[in-house]
Amino acid sequence: MYLFQMERGMRTMVMGALLLVFAMGCRKEKDPSPGGNVGFSGTPVELDLPSWVMDSIGIPAWPPDNPLTVEGVALGRKLFHEKALSDNYTQSCASCHVQEHAFTDPDPFSEGTNGAFGDRNAMAVINLAWDLRFFWDGRRNTLEGQAHDPVTNPIEMRNTWPEVEARLQAHPEYPSLFEAAFGTSTIDSNLVVKAIAQFERTLLSFNSRYDRFYYGGDSTALTEQEKHGMDLFFRDAHCVDCHREHTFSDPGMRNNGLDLSPQDSGFYLVTGVNAHIGRFKVPTLRNIGVTGPYMHDSRFATLEEVVDFYADDVELNSPNLDAHMFPWVAGHIDLDATEREALVAFMHALTDDDFLNDPRFSAP
Ligand code: HEC
Ligand code: HEC
């Protein structure tokens, strides 16, 4: 059995942020599963999370068999940008998850390596360390599991894992990078996805103007219009009921009333339960100003269109409309033009320029 310990002992206030040092020790024991960091401990990662994040959502829990290490994150970053993962060497994860667009694809649907298109919008990769379900329909429960899928997806990277393993094994640098990250130079798919997941867990965005205003006490960080939009978001417009504070998402799978008869059945495709037809992951709204187009099927080009939808066009008879849509059913949502503009302005204040330009996340 593999064991690890995490010490949260050392906490120091550094420039308003709480610097956390995870000390992770790994005991040398035999691990029954391949790629379990057998008898190996890398350099623990130091994450600096603002103190309000610590107080509100706390430290994300990594899977016990994949603690974050400096070496693992560095390898994951390289693999996230590695085109050898795709059949014809043209596409990496970053081809569809573009940093300046908060790791989404600005195209409505992403083009695979043979020119075919998928039918859902590429999702943002932001603060996913806290999430419990991945993909619009929630079909994966871990980032490791998620990272397996694009590589073999017939309309994405169109490769096979044995081929990817062979390419990386024959590469001049990867074997030693896997050795540094996992204590073995024998590359297998489990280690590839572990490294990618480690990197993804460092994609943290908590420094928007909203954060500086609300948590940082900078009263000048938001304009009057944005503050108005914030009030609406958190109160009368009920957006926060699903796009919860902190991550602006929610672990539930929910139907926000897009369609009377959903073309994409969403969560139902995973569970086969009728009550799940039309339910989707609640996407984060952090950096939403740069991640358009919007919704799982990219039906809205702009945030103005999104707000008009919530103001005018929610399908109250959509099957399995979420209970949090009650204010809409009860006729309480009434947004005039000024309020709509304020809501849009507030959502733009969720953009975190440091995150979008952070050199630690770009192609190495
Ligand atoms: C061809 C474009 C494309 C490529 C290449 C691609 N993705 Fe994606 N990604 C998407 C799309 C589209 C979705 C949403 C698909 C769905 O929900 O069915 C998605 C979803 C995700 C999610 C889920 C986010 C969430 O909030 O649940 C993660 C994480 C992710 N991709 C990471 C990766 C990683 C890691 C790689 C490389 C191994 C990768 N992607 C390669 C297009 C792509
Ligand atoms: C019942 C829960 C719920 C409420 C309330 C809600 N949303 Fe959403 N929101 C969702 C879900 C679920 C999605 C994804 C829907 C889909 O694509 O099928 C979504 C998608 C979005 C998107 C697009 C995100 C993306 O990445 O494409 C935006 C923007 C948005 N909501 C803003 C708002 C605003 C503004 C309000 C308040 C007026 C609001 N939401 C209220 C659940 C909710």
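A. Quick peek at the site of ligand 1. Around ligand 1, the surrounding shell holds 27 residues, and the nearest of these are C93, C96, H97, F135 and K281. Within the contact set of ligand 1, a nitrogen atom lies 2.9 Å away from a side-chain nitrogen or oxygen of H97. For ligand 1, an oxygen atom lies 2.8 Å from a polar atom in the backbone of F135. In terms of residues, the shell around ligand 1 owes the most to one element, helix α4 (residues 143–152), which gives 4 residues. Taken together, the residues of the shell around ligand 1 break down into 15 nonpolar, 6 polar and 6 charged.

B. Focus on the pairing of strand β6 (residues 250–254). Burial analysis of β6 places 4 of its 5 residues in the buried class, which makes it a mostly covered element. As defined by bridge partners, β6 adjoins strand β7 (residues 280–282) across 3 bridges and the pair is classed as antiparallel. Looking across to β7, one finds that D250 is bridged to V282.

C. Quick look at the coordination of the iron atom of ligand 1. There is one protein donor for the iron atom of ligand 1, namely H97 (NE2), at 2.1 Å. As for its position among the elements, H97 is in the loop between α3 (93–96) and α4.

D. Representation of a negative patch on the surface in the model. Side chains of E304, E305, D334, D336 and E341 sit close together on the surface and give a patch of like negative charge. Relative to the assigned elements, E341 resides in helix α13 (residues 337–348).

E. Quick peek at the packing of aromatic side chains. For the structure on display, the rule yields 26 aromatic pairs. Between Y214 and Y215 the ring centres are 4.9 Å apart and the planes differ by 75°, which places this aromatic pair in the edge-to-face class. Where F233 meets F346, the ring centres are 5.3 Å apart and the plane angle is 55°; that geometry is what we call tilted. Within this pair, whereas F233 is found in helix α9 (residues 224–234), its partner F346 is found in helix α13, the two being separated by 113 residues in sequence. On the basis of relative accessible area, F233 is assigned to the buried category, the value being 1%. Among the aromatic side chains, those forming a connected cluster through ring pairs are W52, W130, F206, Y210, Y214, Y215, F233, F234, F248 and F346. The ring of F135 has R139 sitting right over it, with the charged end atom 3.6 Å from the ring centre.

Parameters at a glance
- Residues numbered from 1 in each chain as written.
- Chains lettered and ligands numbered in written order.
- Predicted model: local features only at pLDDT ≥ 70, side-chain atom pairs only at ≥ 80, totals over all residues.
- Heavy atoms only, no water.
- Near = heavy atom within 4 Å.
- Polar contact = N/O pair within 3.5 Å; in protein donor to acceptor, adjacent residues only side chain to side chain.
- Helix = DSSP H or I, 4+ residues; strand = E, 2+ residues; numbered from the N terminus.
- Nonpolar A, V, L, I, M, F, W, Y, C, P; charged D, E, K, R; others polar.
- Buried < 20%, exposed > 50% of the residue type's maximum accessible area, 1.4 Å probe, protein only.
- Pairing = 2+ DSSP bridges.
- Donors = N, O, S within 2.8 Å, 3.2 Å for Na, K, Ca; no water.
- Patch = residues over 30% accessible without salt bridge, like charges linked within 9 Å, V, L, I, M, F, W, Y side chains within 5 Å.
- Areas by Shrake-Rupley, 256 points an atom, 1.4 Å probe, with all protein chains shown as cover.
- Salt bridge = Lys/Arg side-chain N within 4 Å of Asp/Glu carboxyl O.
- Lys, Arg positive; Asp, Glu negative; His and termini not counted.
- Charge placed at Lys NZ, Arg CZ, Asp CG, Glu CD.
- Phe/Tyr/Trp six-rings, centres within 6.5 Å; stacked < 30°, edge-to-face > 60°.
- Lys NZ or Arg CZ within 6 Å of the ring centre and 35° of its normal.

Take it as geometry only, folks, not as evidence of what the structure does.
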